[in-house]
Amino acid sequence: MPLPDLLAVFAHPDDEALVAGGVLAQHAASGARTGVVTATWSTDSHRAAELAESVEILGAGTPRMLGHADARVPESAPGRARLLDVPLDEVVGQVVAHVREFRPDLLVTHDAYGQLTGHPDHVHTHRVALLAAHAAGLAHLYPEAGEPWRPRAVCLATHPDSGITELGPLLSRVGKRLLSVPDDQVDATVDVQPWLDEKWAAILAHRSEVARERSLPGILSRCPADTRRRIISTEYFTHIDLRRAPGGGRSLAL
């Protein structure tokens, strides 16, 4: 049986592979529709080409890029404003259009911390995705963006305190902070080992990031294989239900 259709909304090229690559590959392998919206970098950049390779490996179709500039890399989208500087209503409307066109069961995005390192683009994309998930179901908001559609749940990709034992020191060594959540705030722990080859190949597709010393793809590429496997073989999520099932139970799970 196919798993739920899934649309991921992330800040940068490579987030899709690092944060939810296993789940994207798992859902695609089951026959579910999967897609990825990426908020930053222009469609003619080298990272757009890497993103296209990554989403193809994961079975997530073609990239859906909003084309805004990365907060820390203004040349990522020449002539375009940084994602953080674009009017909030404009960016939410862009994501609403993708949600209504794709009509996913699940919307996956960053947690409120913006993952472990708290990149400002991650934090902002989290806020945008939550607003878009609600707005997409309301006919009088963004009527030009298509017929209303509300996902059944938003899944926030996160890391529990107990899940960073090996990754934490690697990030601390290059001066990055660690923002994990209490274990009881994680309500979906997904073992993605059966799709680890696809996930790692998708990460490696982001060659420019693999070449960097402080980027997570670069850090992982220099890890012992066994350590890397343990780090990337589990993905964690917090669910926010948008449509309650009869009786008040969860509407849908990964």
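Nothing here was measured: the structure is a model prediction, and the numbers come from that model. (Residues numbered from 1 in each chain as written. Predicted model: local features only at pLDDT ≥ 70, side-chain atom pairs only at ≥ 80, totals over all residues. Heavy atoms only, no water.)

### Some words on the sheet that holds strand β2 (residues 34-40)
- The strand order across the open sheet built from 7 strands is β3-β2-β1-β4-β5-β7-β6, with neighbouring strands paired in mixed fashion. Two strands in the sheet have a free side with no partner beyond their single neighbour: β3 (64-68) and β6 (188-191). Each adjacent strand pair in this sheet contributes to an overall mean axis angle of 25 degrees, direction not counted.
- As judged from the 4 bridges shared by β6 and strand β7 (residues 234-241), these two strands associate in the antiparallel manner. Counterpart to Thr189 in the pairing with β7 is Tyr236.
- Strands β1 (6-10), β2, β4 (106-110), β5 (153-158), β6 and β7 of the sheet are contacted by helix α1 (residues 15-30), whose axis makes an angle of about 80 degrees with β7. (Pairing = 2+ DSSP bridges. Helix = DSSP H or I, 4+ residues; strand = E, 2+ residues; numbered from the N terminus. Axes fitted to C-alpha atoms, helices over the stretch in contact; angles between N-to-C directions. Contact = heavy atoms within 4.5 Å.)

### Description of the pattern of salt bridges
- With the rule as written, the count across this model stands at 10 salt bridges.
- Across the pair Arg47 and Asp14 runs a salt bridge whose closest N-O atoms are separated by 3.5 Å. Pair noted here: Arg47 is in helix α2 (residues 46-58) and Asp14 is in the loop between β1 and α1, with a separation of 33 residues, a long-range link.
- For the salt bridge of Glu209 with Arg212, the shortest nitrogen-to-oxygen distance reads 2.9 Å.
- Salt bridges linked by common partners bring Asp14, Arg47, Glu209 and Arg212 together as one network. (Salt bridge = Lys/Arg side-chain N within 4 Å of Asp/Glu carboxyl O.)

### Section: the packing of aromatic side chains
- Tallied over the entire structure, the rule returns 0 aromatic pairs.
- The ring of Phe102 has Arg33 lying over it, and the distance from NZ or CZ to the ring centre is 4.4 Å. (Phe/Tyr/Trp six-rings, centres within 6.5 Å; stacked < 30°, edge-to-face > 60°. Lys NZ or Arg CZ within 6 Å of the ring centre and 35° of its normal.)

### A look at the pairing of β5
- In terms of burial, β5 is largely enclosed, as 6 of its 6 residues are buried.
- Alternating residues of β5 divide into Ala153, Cys155 and Ala157 and Val154, Leu156 and Thr158, and every residue in both groups is buried.
- One ladder, built from 5 bridges, connects β4 with β5; its direction is parallel. Paired with Thr109 across the bridge in β5 is Leu156.
- Handedness of the β4-helix α4 (residues 120-135)-β5 crossover: right-handed.
- Pairing of β5 with β7 involves 6 bridges; the strand directions are antiparallel. Paired with Cys155 across the two strands is His239, which belongs to β7. (Buried < 20%, exposed > 50% of the residue type's maximum accessible area, 1.4 Å probe, protein only. Right-handed = clockwise from strand over helix to strand, strands pointing away.)

### Side note on the packing of α2 against helix α6 (residues 196-204)
- Contact pair α2 / α6: the axes reach a minimum separation of 8 Å and the direction vectors enclose 175 degrees. Regarding the angle of α2 to α6, the classification is roughly antiparallel. Residues Ser54, Ile57 and Leu58 of α2 form the contact with α6, whose participating residues are Glu198, Lys199, Ala201 and Ala202.
- Partitioning the contact of α2 with α6 into residue classes produces 4 nonpolar, 1 polar and 2 charged. (Parallel < 35°, antiparallel > 145°, perpendicular 65-115°, else oblique. Nonpolar A, V, L, I, M, F, W, Y, C, P; charged D, E, K, R; others polar.)

### Concerning unusual backbone geometry
- With phi around 60 degrees, Arg103 is a residue other than glycine that occupies positive phi space.
- Among the structural elements, Arg103 can be located in the loop between α3 (88-102) and β4.
- The residue Tyr142 is not glycine, and still its phi comes out positive at about 50 degrees.
- Relative to the helices and strands, Tyr142 resides in the loop between α4 and β5.

### A short note on α6
- Residues of α6 that are buried: Leu196, Lys199, Trp200, Ala202 and Ile203. End-on view of α6: buried residues confined to an arc of 160 degrees, all on one side of the axis.
- Those residues of α6 hidden inside the fold are in contact with α1, α2, α7 (207-210), α8 (216-221), α9 (225-232) and β7. (Arc of directions from axis to C-beta.)

### Let's talk about the nonpolar core
- The biggest cluster of nonpolar side chains holds 43 residues, and the ones touching the most others in it are Val108 and Phe237.
- Take this core: its biggest share by element is 7 residues, from α1.
- Membership of the second largest hydrophobic core comes to 26 residues, among which are Val9, Ala135, Ala136 and Leu242. (Core = buried A, V, L, I, M, F, W, Y, C linked by side-chain atoms within 4.5 Å.)

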